[in-house]
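Survey of secondary and tertiary structure
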Amino acid sequence: MTESIEQTLISPGYLAGSGDPAWVTVPLRRACGWSTAGDPLVPRVILTSPDQLAQLRIAPDPNPAEPWWTLRHAHHGDQRAWEITFDAQTPVEIIAAVTDTLTAPAPPPTASVDPYRPLHAAGWHAPRHHDGLTSPKGMSSPNGLARVDRIVDESGRSAGWVVETSVHHRHAIWRAHVDGNTPSHVVSALFGALADTTPLVRHPHHVPPLAVTHGTTSTRQVSTDSVAFALRNRTTALAQRNSASAPSAPPPAPTPRRTR
């Protein structure tokens, strides 16, 4: 008989808390070929892409207002260098949406993608208020607990975005800062994960109190195998995605025939 354990489903997902960083780091290493580096005595993780252009750094900071995750990409061709940072309580599923898009074997779209499209589709709307550092082009979730602000410089040009989840007059639960040079399809992946209404799964002991008071939670019994192998299955799926798009090796050259 298959054993089962209780799991909690949390909606909206941006209230679910951080989750397990391995959801991001393990597939990058095992399915996408990113390498690890760093001092084992320093509490940080550094992953670098095979082409050495991208780096993901996890550097836990005792100050909860400082970012823990930093994803950087170097200047390459016509694409300027860019950076995204995430606070400690950012759900790993949202970060994974960005890294999965970045490592996708398909070439990025040649035309600019409207990053706000998934927010519009999910019923997000323009915020009612904005300060001098934000553009009225930002978006707010239907429940008002999450928002995306477009940051502008003195000339009125876009300098990036700030994603924030907060509960009425309290400090932000988590923030993400998105560089204005970040490719639009990567920004769209982040916004799509933010607006996704699919509940996120957490262990009952790891449910943030604000998810209970300001979100929707429910419990379900799931098999221990489905929990134990969730990360392995995710990693396998990404590895298959990457191998399916890898160019096949050319056939071996025919052996020249000997002439007598």
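Scope of this entry: the structure provided in the associated data block.

Phi is mostly negative for residues that are not glycine, and the peptide bonds are mostly trans. Residue proline 12 follows serine 11 across a cis peptide bond; omega there is -5°. The residue proline 12 is located in the loop between strand E1 (4–11) and helix H1 (22–30) in this model. Of note in this structure, glutamine 52 is not a glycine but carries a positive phi near 65°. Judged by relative accessible area, glutamine 52 falls into the exposed class, the value being 57%.

Across a sheet, strands are paired by hydrogen bonds formed along the backbone, either parallel or antiparallel in direction. Here we have three strands laid out as an open sheet, ordered E11-E1-E12, and antiparallel in their pairing. Each having just a single partner strand, strand E11 (200–202) and strand E12 (216–223) make up the two edges of the open sheet. Across this sheet, the average inter-strand angle for adjacent strands is 35°, counted without regard to direction. Inspection of the sheet shows E1 paired to E12 by eight bridges, in the antiparallel sense. Note on E12: the bridge partner recorded for threonine 8 is threonine 219.

Turning our eyes to something else, we now look at the environment of tryptophan 68. Position of tryptophan 68 relative to the elements: it lies in the loop between strand E4 (54–58) and strand E5 (69–73). In the structure, tryptophan 68 is positioned 17 residues away from threonine 85 in sequence and 7.4 Å away in space, judged by C-alpha atoms. Those residues in contact with tryptophan 68 that sit more than four places away from it in its chain are Arg57, Ile58, Ala59, Pro60, Asp61, Phe86, Asp87 and Ala88. A distance of 3.2 Å separates a polar atom in the side chain of tryptophan 68 from the backbone oxygen of aspartate 61.

We now examine the packing of aromatic side chains. All chains considered together, the criterion is met by two aromatic pairs. Seen in terms of ring centroids, tyrosine 116 and phenylalanine 191 are 6.1 Å apart; in terms of plane orientation they differ by 15°. Their pairing is stacked. Pair noted here: tyrosine 116 is in the loop between helix H2 (92–102) and helix H3 (117–121) and phenylalanine 191 is in helix H4 (residues 184–195), with a separation of 75 residues, a long-range link. Grouping residues by exposure puts tyrosine 116 and phenylalanine 191 together as buried. A cation over a ring is seen here: arginine 232 above phenylalanine 229, with NZ or CZ 4.2 Å from the ring centre.

Oppositely charged side chains can form a pair if their charged atoms are brought close together. According to the stated counting rule, one finds five salt bridges in the structure shown. Salt-bridge contacts for arginine 72 lead to glutamate 83; the nearest nitrogen and oxygen are separated by 2.6 Å. Here the residue arginine 72 occupies a position in strand E5, and glutamate 83 occupies one in strand E6 (residues 82–86), the gap between them amounting to eleven residues. For arginine 72, a relative accessible area of 37% puts it in the partly exposed group. With a shortest N-O distance of 2.8 Å, glutamate 93 and arginine 202 are connected by a salt bridge. Of this pair, glutamate 93 sits in helix H2 while arginine 202 sits in strand E11, and the two are 109 residues apart along the sequence.

On to the nonpolar core. Core analysis: the largest hydrophobic core is formed by 49 residues, its most contacted members being Tyr14, Trp124, Val148 and Phe191. Examining the composition of this core, we find that seven residues originate from one element, H4, more than from any other. If we ignore the near neighbours within four places in the chain, the residues touching valine 148 are Tyr116, Leu119, Trp124, Gly138, Met139, Trp161, Val162, Val163, Phe191 and Leu194.

Here we come to the pairing of E5. Of all five residues in E5, four are buried; the element is thus mostly enclosed. As paired elements, E4 and E5 share five bridges and run antiparallel to each other. Within the sheet, the bridge partner assigned to arginine 57 lies in E5 and is threonine 70. Pairing of E5 with E6 involves five bridges; the strand directions are antiparallel. Considered in E6, the bridge of leucine 71 is made with isoleucine 84.

Before going further, it helps to spend a moment on the side chain of arginine 202. With a relative accessible area of 6%, arginine 202 lands in the buried category. Looking at arginine 202, its side chain comes within polar contact range of the side chain of glutamate 93, at 2.8 Å. Excluding anything up to four places from it in sequence, arginine 202 contacts Gln7, Thr8, Ile10, Ala16, Gly17, Ser18, Gly19, Pro91, Val92 and Glu93.

Among the eleven residues that make up H2, eight are buried, leaving the element largely enclosed by the rest of the structure. Of all the positions in H2, only Val92, Ile94, Ile95, Ala96, Ala97, Val98, Thr99 and Asp100 are classed as buried.

Bringing H4 into the picture now. Look at H4: 16 Å from first C-alpha to last across twelve residues, which is about the 16 Å you get at 1.5 Å a residue. For H4, the tally of buried residues reaches nine of twelve residues, placing the bulk of the element in the interior. Residues Val186, Val187, Ser188, Ala189, Leu190, Phe191, Ala193, Leu194 and Ala195 constitute the buried set of H4.

How each quantity is defined
- Residues numbered from 1 in each chain as written.
- Predicted model: local features only at pLDDT ≥ 70, side-chain atom pairs only at ≥ 80, totals over all residues.
- Heavy atoms only, no water.
- Helix = DSSP H or I, 4+ residues; strand = E, 2+ residues; numbered from the N terminus.
- Buried < 20%, exposed > 50% of the residue type's maximum accessible area, 1.4 Å probe, protein only.
- Pairing = 2+ DSSP bridges.
- Axes fitted to C-alpha atoms, helices over the stretch in contact; angles between N-to-C directions.
- Contact = heavy atoms within 4.5 Å.
- Polar contact = N/O pair within 3.5 Å; in protein donor to acceptor, adjacent residues only side chain to side chain.
- Phe/Tyr/Trp six-rings, centres within 6.5 Å; stacked < 30°, edge-to-face > 60°.
- Lys NZ or Arg CZ within 6 Å of the ring centre and 35° of its normal.
- Salt bridge = Lys/Arg side-chain N within 4 Å of Asp/Glu carboxyl O.
- Core = buried A, V, L, I, M, F, W, Y, C linked by side-chain atoms within 4.5 Å.
- Expected span 1.5 Å × (residues − 1).

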